[in-house]
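Structure at a glance
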Amino acid sequence: MRKPFIIANWKMNKSLGEAQRFVRAIKGCLPNYQEAEIGIAPQAFAIPSLVSIAGNSNLEIIAQNAAAKVAGAYTGEISMGDIHDIGVKYVIIGHLERRRLFHETNQIINEKVSTALSKGITPIICVDESNTELKSLLNGLTYQQLKKVVISCEPTWAVGKGHQANNEMAEKMCQRIRQAITNDFGRAIAQQIRILYGGSVNPSNIADIMNHQDIDGVLIGRASLDEGQFIQMVNYQKRMPEVVTNFTVKRAVVQ
Ligand code: PGA
């Protein structure tokens, strides 16, 4: 049984104070761990403080990125081993914006995937709608390592664009990824790996998107910046409008 995984990717938004207030406010409104896993990926400087605020709640604090190299003279980089030691269990790797704006290649992403796994962190590996790069990103992983990875399908036309995700298309893309994993690594692994969808997910489309067999979760950018919308989305199975009205729904600050 693959547990739903809902992740907020805050990108380069929210000050430390804003991030702390957000996590304190939503902590008590999360579904329990049996129902879904919930994660927030803040800017790196906020990670230690948010890990401590999240405490034992069902909230994982996730890194948006970390270095391919283990340690050493890499100015400005963040070590996988060190974020693991402060309580981070997941890292997003190869997001579209990392590829486009920071020139990350499949080779770099593959190296980051291996480093993350070797340091005990689960990589959430982003691929585009074609998923042609998937095989090279998973290259060299052992069977035990492959079982752990999470894949996020991020169509280039939907991420940050305001195009409403068509849930049938989202399911087809995730289905194709599962099929590609089946072909390359076998059915047993393909059935275990969680495949998420990312790109313009919001409170009004999340339930329909999640209602598909091959979609195990979502990676949410803009809509996750707002407390009320985030609570609504993580509770998509229950729909809790009364909780949401307790929050001032501020317009999300988009980069
Ligand atoms: P978006 O971003 O929800 O703002 O489209 C998604 C993502 O970056 O994965």
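Below is a summary of the structure that appears in this document. (Residues numbered from 1 in each chain as written. Predicted model: local features only at pLDDT ≥ 70, side-chain atom pairs only at ≥ 80, totals over all residues. Heavy atoms only, no water.)

Right, let's get into the pattern of salt bridges. A full pass over the atoms with the stated rule returns 12 salt bridges. Salt-bridge contacts for K112 lead to E104; the nearest nitrogen and oxygen are separated by 2.7 Å. Across the salt bridge formed by D216 and R178, the nearest N and O atoms sit 2.8 Å from each other. Of this pair, D216 sits in the loop between helix 10 (206-210) and strand 8 (217-220) while R178 is found in helix 8 (residues 167-185), placing the two residues 38 residues apart along the sequence. (Salt bridge = Lys/Arg side-chain N within 4 Å of Asp/Glu carboxyl O. Helix = DSSP H or I, 4+ residues; strand = E, 2+ residues; numbered from the N terminus.)

This part takes up the packing of aromatic side chains. Evaluation of the coordinates by the stated rule reveals 3 aromatic pairs. When the ring of F5 is compared with that of Y90, the centres are 4.8 Å apart and the planes differ by 55 degrees; the resulting orientation is tilted. Of this pair, F5 sits in strand 1 (residues 5-9) while Y90 sits in strand 4 (residues 90-93), placing them 85 residues apart in sequence. The two residues F5 and Y90 agree in class, both being buried. (Phe/Tyr/Trp six-rings, centres within 6.5 Å; stacked < 30°, edge-to-face > 60°. Buried < 20%, exposed > 50% of the residue type's maximum accessible area, 1.4 Å probe, protein only.)

Looking at where A8 falls in the secondary structure, it is placed in strand 1. Looking at A8, the relative accessible area reads 0%, which means it is buried. Setting aside its immediate chain neighbours within four residues, A8 contacts G39, I40, A41, I220, S224 and F230. (Contact = heavy atoms within 4.5 Å.)

Around the ligand there are 13 residues in total, and K11, H95, E154, G160 and R222 lie nearest to it. K11 is positioned with one of its side-chain polar atoms (N or O) 2.7 Å from an oxygen atom of the ligand. At a separation of 2.7 Å, an oxygen atom of the ligand approaches a polar side-chain atom of E154. Protein burial of the ligand: of its 280 Å² of free accessible surface, 99% is covered by the chains. (Near = heavy atom within 4 Å. Polar contact = N/O pair within 3.5 Å; in protein donor to acceptor, adjacent residues only side chain to side chain. Areas by Shrake-Rupley, 256 points an atom, 1.4 Å probe, with all protein chains shown as cover.)

The subject of this paragraph is the pairing of strand 1. Regular strands place their side chains on alternate faces of the sheet. Of all 5 residues that make up strand 1, 5 are buried, and the element is covered over most of its length. On strand 1, burial covers both faces: F5, I7 and N9 on one face and I6 and A8 on the other are all buried. By the bridge criterion, 5 bridges tie strand 1 to strand 2 (residues 37-41) in an arrangement that is parallel. Each residue of the ladder has a partner; that of I6, found in strand 2, is I38. Note that the unit made of strand 1, helix 1 (residues 16-26) and strand 2 has a crossover that is right-handed. Sheet topology note: the strand 1/strand 8 ladder contains 4 bridges and is parallel. Each bridged residue has a counterpart across the sheet, and for I6 the counterpart in strand 8 is V218. (Pairing = 2+ DSSP bridges. Right-handed = clockwise from strand over helix to strand, strands pointing away.)

For helix 8, spanning 19 residues, the distance from its first C-alpha to its last is 26 Å, which sits close to the expected 27 Å at 1.5 Å a residue. Taken together, the buried positions of helix 8 are occupied by N167, A170, E171, M173, C174, I177, R178, A180 and I181. Buried residues belonging to helix 8 abut strand 5 (122-127), helix 6 (134-137), strand 6 (150-153), helix 9 (187-192), strand 7 (194-198) and helix 10. Just downstream of helix 8 lies G186, where phi reads positive at about 105 degrees. (Expected span 1.5 Å × (residues − 1).)

To continue, consider empty space enclosed by the protein. Applying the stated criterion to the full structure yields 1 cavity of 30 Å³ or more. When its volume is computed, the largest cavity comes out at roughly 40 Å³. (1 Å grid on protein atoms, 1.4 Å probe; cavity = no way out; pocket = protein on both sides within 12 Å on 5 of 7 lines; lining within 4 Å. Points joined across faces, edges and corners; volume = space filled by probe spheres on them.)

At a minimum axis distance of 10 Å, the contact between helix 1 and helix 2 (residues 47-54) shows a crossing angle of 15 degrees. The orientation of helix 1 with respect to helix 2, classified from their angle, is roughly parallel. Seen along the crossing, helix 1 lies across helix 2 with a hand that is right-handed. For the pair helix 1 and helix 2, contact is made by L16, A19, Q20, V23 and R24 and by S49, L50, I53 and A54, respectively. Its residues assigned to classes, the contact of helix 1 with helix 2 comprises 6 nonpolar, 2 polar and 1 charged. (Axes fitted to C-alpha atoms, helices over the stretch in contact; angles between N-to-C directions. Parallel < 35°, antiparallel > 145°, perpendicular 65-115°, else oblique. Left-handed = near helix turned anticlockwise from the far one by under 90°. Nonpolar A, V, L, I, M, F, W, Y, C, P; charged D, E, K, R; others polar.)

Moving on, we get to helix 11 (residues 227-234). Among the 8 residues that make up helix 11, 7 are buried, leaving the element largely enclosed by the rest of the structure. All of the buried residues along helix 11 are E227, G228, Q229, F230, I231, M233 and V234. Of the residues flanking the start of helix 11, the one acting as N-cap is D226, its side-chain oxygen 3.0 Å from the backbone nitrogen of G228.

Here we come to the sheet that holds strand 1. Hydrogen bonding along the main chain pairs the strands of a sheet, whether they run parallel or antiparallel. Read from one edge to the other, the open sheet built from 8 strands follows the order 3-2-1-8-7-6-5-4, with strand pairing classed as parallel. Here the strands that pair on one side only, and so sit at the sheet edges, are strand 3 (60-61) and strand 4. Where strand 2 lies against strand 3, 2 bridges are found, and the strand directions are parallel. Counterpart to G39 in the pairing with strand 3 is E60. The strands touched by helix 5 (residues 106-118) within the sheet are strand 4 and strand 5, with strand 4 carrying the most contacts at an inclination of about 175 degrees. Running over the sheet, helix 8 touches strand 5, strand 6 and strand 7 and is turned about 145 degrees from strand 7.

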